[in-house]
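# Structural characterization, general
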Amino acid sequence: MVTVAPAMSDIRSAAPAVPVAAPPAAARPAIEIDRLDFFYGAAQALHGITLGIPERQVTAFIGPSGCGKTTLLRCLNRMNDLIGIARVAGGQIRFDGVDINDPRVDVIELRKRVGMVFQKSNPFPKSIYDNLTYGLRIQGEKNRARLDEIAERSLRSAALWDEVKDRLQASALGLSGGQQQRLCIARAIAVEPEIILMDEPCSALDPLATAKIEELIHDLKQRFTIVIVTHNMQQAARVSDRTAFFYLGKLVEYAETRTIFTNPANPQTEAYVSGRFG
């Protein structure tokens, strides 16, 4: 028997809400994470994480390797569902007021609304144009003029149009590393998500390509909520509005980025951002 999942907006959680770390007053939370516990098998990776991610701002997750920041990022569009031993054991992640881990949630629809850009650029072995239109085609879009329009708009949004407009039918694998990563960003935004998750998007790039990605992030936050995982403290300070510091699967401190880097409340945060450990 096939069960049709209700729209996310029709799902309401019965669990009582608890306060979350508040975003700036001017921004409502796009995602609310509420006492989240997460396990890989018997090993607990996240411990009672509670925070609110503000709409149309950049939120950075920082912390040493193995602290849980990428695990949490992947929880936000249920990418961890692809790992057999991974499980949410308590708490909620609410998007549009809906617990995204409710079994009735349509995961495909969730991932359309919460896109992801990975650490290593992963263009499809297809043309640049086909990379951009693939997601639209599988959603049923067949109008060529419409596909052309969205492809150009996405490339312009990713600051890539002028570099590739004359070779849209060429293989995406022929692009440089930085261009491939911007193409992956363009592909993610082509389906008009509300949130973009970025997992170390500049880790394999040279300084010039990194600067272009950071400029792009600054421009994109006018339209999208962005969550970025980075090991680069300078990058977090440059691109983010708010920063969350994690250690051993726990949220140590979450505040405006300027506060985290100039006047952190927790001595452990200060030690990390100043380079004394991590």
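## Focus on the nonpolar core
With 46 residues, the main nonpolar core has Ile-128, Leu-155, Leu-183, Met-198, Ile-217 and Ile-226 as its most contacted residues. In terms of residue count, helix α6 (residues 177-190) provides more of this core than any other element does, six residues in total. The contacts of Leu-183, once residues within four sequence positions are left out, are Pro-123, Ile-128, Asn-131, Leu-132, Leu-155, Leu-160, Ala-172 and Leu-175. In terms of nonpolar packing, the next biggest core, distinct from the first, is built from 33 residues, Leu-36, Leu-51, Cys-67 and Ile-100 among them.

## As for the sheet that holds strand β4 (residues 86-95)
Taking strand neighbours across the sheet as the criterion, the four strands line up as β2-β1-β4-β5 in an open arrangement whose pairing is antiparallel. Edge positions in the sheet fall to β2 (43-54) and β5 (98-99), since each of these pairs with one other strand and no more. Judged from the eight bridges that link them, strand β1 (residues 29-40) and β4 form a sheet pairing that is antiparallel. The residue bridging Glu-32 from the neighbouring strand is Arg-94, located in β4.

## Re the environment of Gln-180
One can find Gln-180 in helix α6. Placed 20 residues apart in sequence, Gln-180 and Leu-160 show a C-alpha to C-alpha distance of 9.7 Å. Setting aside its immediate chain neighbours within four residues, Gln-180 contacts Ser-121, Pro-123, Ala-172, Leu-173 and Leu-175.

## Some details on the pattern of salt bridges
Using the criterion set out here, one finds 20 salt bridges in the structure. A salt bridge links Arg-104 to Asp-102, with the shortest nitrogen-to-oxygen separation between them at 3.0 Å. Owing to a relative accessible area of 42%, Arg-104 belongs among the partly exposed residues under this scheme. Taking the relative accessible area as the measure of exposure, Asp-102 reaches 13% and is therefore buried. Arg-153 serves as the salt-bridge partner of Glu-149, at 3.4 Å between the closest nitrogen and oxygen. Linking Glu-149 with Arg-153, this pair stays in helix α4 (residues 144-157), spanning four residues, or about one helical turn.

## Some thoughts on unusual backbone geometry
A positive phi angle is found at Asp-96, which is not glycine, with a value near 60°. Mapped onto the secondary structure, Asp-96 falls in the loop between β4 and β5. With a phi angle near 50°, Glu-200 is a residue other than glycine that sits in the positive phi range. The exposure class assigned to Glu-200 is buried, which follows from its relative accessible area of 8%.

## Observations regarding the confidence of the model for the protein
When the pLDDT values of the protein are averaged, the result is 89; 90% of them are 70 or greater. Low pLDDT (under 50) marks residues 9-25, which in the prediction has 40 contacts with non-local residues, meaning those over four places away or in another chain.

## Considering the pairing of β2
Where β1 lies against β2, eight bridges are found, and the strand directions are antiparallel. Each bridged residue has a counterpart across the sheet, and for Tyr-40 the counterpart in β2 is Ala-43. The antiparallel pairing of β1 with β2 creates a hairpin that spans two residues between the two strands, and Gly-41 there sits at a positive phi of about 65°.

## Notes on the sheet that holds strand β8 (residues 225-229)
In a beta sheet, neighbouring strands are held together by backbone hydrogen bonds and run either parallel or antiparallel to one another. Strand order in the open sheet formed by six strands is β6-β7-β8-β3-β9-β10, with mixed pairing between adjacent strands. Each of the sheet's edge strands pairs with one partner strand only, and the pair in question is β6 (114-117) and β10 (250-256). Each strand of the sheet is rotated relative to its neighbour by a mean of 20°, with strand direction disregarded. Sheet contacts for α6: β6 and β7 (195-199); angle to β6, the most-contacted strand, approximately 170°.

## Regarding the pairing of β6
Residues Val-114 and Met-116 of β6 are buried on one face, and the alternating residues Gly-115 and Val-117, pointing to the opposite face, are buried as well. Relative to β7, β6 runs parallel, the two sharing four bridges. The partner of Val-117 across the bridge, within β7, is Met-198.

## Some words on helix α7 (residues 207-220)
In this model, α7 (14 residues) spans 20 Å end to end at C-alpha, consistent with the 20 Å of a helix rising 1.5 Å per residue. Buried within α7 we find Ala-209, Thr-210, Ile-213, Glu-214, Leu-216, Ile-217 and Leu-220. What you see down the axis of α7 is that its buried residues fit within an arc of 160°, all on one side. The exposed residues of α7 that point more than 90 degrees off its buried face are Pro-207, Leu-208 and Glu-215. The inward-facing, buried residues of α7 contact β3 (58-62), α4, α6, β7, β8 and α8 (233-239). Its side-chain oxygen placed 3.0 Å from the backbone nitrogen of Leu-208, Asp-206 serves as the N-cap of α7.

Each value, and the rule that gives it
- Residues numbered from 1 in each chain as written.
- Predicted model: local features only at pLDDT ≥ 70, side-chain atom pairs only at ≥ 80, totals over all residues.
- Heavy atoms only, no water.
- Core = buried A, V, L, I, M, F, W, Y, C linked by side-chain atoms within 4.5 Å.
- Buried < 20%, exposed > 50% of the residue type's maximum accessible area, 1.4 Å probe, protein only.
- Helix = DSSP H or I, 4+ residues; strand = E, 2+ residues; numbered from the N terminus.
- Contact = heavy atoms within 4.5 Å.
- Pairing = 2+ DSSP bridges.
- Salt bridge = Lys/Arg side-chain N within 4 Å of Asp/Glu carboxyl O.
- pLDDT = per-residue confidence, 0-100.
- Axes fitted to C-alpha atoms, helices over the stretch in contact; angles between N-to-C directions.
- Expected span 1.5 Å × (residues − 1).
- Arc of directions from axis to C-beta.
- Polar contact = N/O pair within 3.5 Å; in protein donor to acceptor, adjacent residues only side chain to side chain.

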